[in-house]
Amino acid sequence: MPANSTDSAVLAAAPLFEGFTPAELQTVSRYMDTQRVPRGQVFIWEGQTHRCLFVLMEGRAVVTKVVRGEVESVLARLEQGAHFGELSLIDNRPAAGNVTAETDCRVVKIPWDRLQQLQHEDPALFGKLAWSMLQDLTRKLRVTNRKVQEAVLWGLDAFALE
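Report follows, based on the coordinates. All values reported here derive from a predicted model rather than from experimental measurement. Residue numbers run consecutively from 1 along every chain, following the written order of its sequence. Where totals are concerned, whole chains, interfaces and linings use all residues; where local detail is concerned, this predicted model gives features only for residues with pLDDT of at least 70, and gives and counts side-chain atom pairs only at 80 or more. In computing side-chain values, all of the structure's heavy atoms are included and hydrogens and water are not.

Let's talk about the sheet that holds strand β6 (residues 83-84)
Strand pairing is assigned whenever DSSP detects at least two bridges linking the two strands. Per the convention used, a helix needs a DSSP run of H or I reaching at least four residues, while a strand needs a run of E reaching at least two, with both numbered from the N terminus. Across the sheet, which stays open at both edges, the four strands sit in the order β1-β8-β3-β6 with antiparallel pairing between neighbours. Edge positions in the sheet fall to β1 (33-37) and β6, since each has one partner strand and no second. Alignment of β1 against strand β8 (residues 105-111), held across five bridges, turns out to be antiparallel. When the sheet's bridge partners are listed, Val-37 is paired in β8 with Cys-105. The contact definition used throughout considers only heavy atoms, calling two residues in contact when any of these lie within 4.5 Å. Only the contacting stretch of a helix is used when fitting its axis, a line to C-alpha atoms as for every element, and angles between N-to-C directions run 0 to 180 degrees. Running over the sheet, helix α4 (residues 112-121) touches β1 and β8 and is turned about 55° from β8.

If you want it as structure tokens, here you go:
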């Protein structure tokens with residue numbers, strides 16, 4: 001659970017919680033646990049199943065994907081207020097990439113069982129949080145589509161194809 005007014009301010013500024021009232025943030029925070037993660041430690045391993053939504057409260061993290069052997073591609077850099085882990089949280093499938101602490105980090109996390117508890121105890125607030133995650137996933141999908149299009153066009157240009 002976020003411990004102080006600074007944490008409340010970070011959550012209020014986080015895109016995931018845009019439009020949430022202070023009372024709603026306080027309620028959601030009761031379902032959160034805090035975790036410190038040292039620089040270099042992996043939060044989420046690609047291929048492993050986890051069911052937890054994370055919000056980065058302090059520090060920076062990097063999202064990577066193994067592309068061949070031990071070669072990783074950086075997919076995103078995460079700053080304070082960013083959230084991650086929602087794909088495996090939602091579909092209970094293995095993580096699509098690694099998330100590693102670039103600096104010492106502190107996160108709040110909502111495990112699946114706590115999210116189910118929120119759904120049971122406050123369905124409207126659960127719905128608001130779920131809708132916010134859905135909107136963010138849509139934004140991320142549009143960014144990914146644009147990157148795929150750019151990669152395809154680059155490939156066509158590289159081979160002088162139209």
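Quick look at unusual backbone geometry
A negative phi holds for most residues other than glycine; trans holds for most peptide bonds. Notably, Asn-92 is not glycine yet its phi reads approximately 55°, a positive angle. Mapped onto the elements, Asn-92 comes out in the loop between α3 (86-91) and β7 (98-101). To sort residues, take the accessible area from a 1.4 Å probe on protein chains only and compare it with the maximum for the residue type: under 20% means buried, over 50% means exposed, and anything in between is partly exposed. Looking at Asn-92, the relative accessible area reads 39%, which means it is partly exposed.

Regarding the layout of surface pockets
The gaps of empty space that remain are located by a probe, the size of a water molecule, rolled over the atoms. Taken as a whole, the largest pocket holds about 1000 Å³ of empty space. Around the largest pocket, the lining comprises 32 residues; the ones closest to its centre are Val-63, Leu-75, Ala-76, Glu-86 and Lys-140. Elements represented by at least two residues in the lining of the largest pocket include exactly β5 (71-78), β6, α3 and α5 (123-158). In terms of residues, the lining of the largest pocket owes the most to one element, α5, which gives eight residues. Only Asp, Glu, Lys and Arg are considered charged in this grouping, and only Ala, Val, Leu, Ile, Met, Phe, Trp, Tyr, Cys and Pro are considered nonpolar; every other residue, Gly among them, is considered polar. Along the lines of polarity and charge, the residues of the lining of the largest pocket split into 17 nonpolar, seven polar and eight charged. Using protein atoms alone on a 1 Å grid, points that fit a 1.4 Å probe yet trap it form a cavity, whereas open point sets bounded by protein on both sides within 12 Å along at least five of seven lines form a pocket; residues with an atom within 4 Å of a point count as lining. Grid points are joined across faces, edges and corners, and a volume is the space filled by probe spheres set on the points. By volume, the second largest pocket is sized at about 180 Å³. Around the second largest pocket sit Pro-15, Leu-16, Glu-18, Gly-19, Phe-20, His-83, Lys-128, Ser-132, Gln-135, Asp-136 and Arg-139, which together line it. The element contributing the most residues to the lining of the second largest pocket is α5, with five residues.

Some thoughts on the side chain of Asp-136
By the element assignment, Asp-136 lies in helix α5. Relative accessible area serves as the criterion here: at 11%, Asp-136 is assigned to the buried category. Polar contacts, as used here, are pairs of N or O atoms within 3.5 Å; protein pairs need one atom able to donate a hydrogen and one able to accept it. Residues neighboring in sequence count only if both atoms are side-chain atoms. At 3.1 Å, the side chain of Asp-136 forms a polar contact with the side chain of Arg-139. Filtering out sequence-adjacent residues up to four positions away, Asp-136 remains in contact with His-83 and Glu-86.

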